[in-house]
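Listed here are the chains, written in short residue letters.
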Amino acid sequence: MTGKTLNQGTDASQWEYATYAPKGETCPACMQPIASLERGYRGTLERRSGSPVVVYRPIGKCP
């Protein structure tokens, strides 16, 4: 199963799927903490060095 990479923007197709965010996650777009077990979209961000990092974005809270 291949995942999609999160790029700058709001295209929903860039997110892999909706799930529950683990404790301690922060939204990379709005920098707000995500509550433990809050529903969100899972995606990845590419880094200049190293492997991509998994990120979560809350559903309906972040523009």
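To keep things clear, this report deals only with the structure shown in the data block. Just so it is clear, the structure is predicted and the values come from calculations on it, not from any experiment. (Residues numbered from 1 in each chain as written. Predicted model: local features only at pLDDT ≥ 70, side-chain atom pairs only at ≥ 80, totals over all residues. Heavy atoms only, no water.)

This next bit is on the pairing of strand β2 (residues 39–45). Inspection of the sheet shows strand β1 (residues 17–20) paired to β2 by four bridges, in the antiparallel sense. Counterpart to Ala18 in the pairing with β2 is Tyr41. Where β2 lies against strand β3 (residues 53–58), six bridges are found, and the strand directions are antiparallel. Pairing of Gly40 across the sheet is with Pro58, part of β3. (Pairing = 2+ DSSP bridges. Helix = DSSP H or I, 4+ residues; strand = E, 2+ residues; numbered from the N terminus.)

Right, let's get into the environment of Gly40. Position of Gly40 relative to the elements: it lies in strand β2. With 23 residues separating them in the primary sequence, Gly40 and Tyr17 have C-alpha atoms 8.5 Å apart. In this view, Gly40 contacts Tyr17, Ala18, Thr19, Arg57, Pro58 and Ile59; residues no more than four positions away in its chain are not counted. (Contact = heavy atoms within 4.5 Å.)

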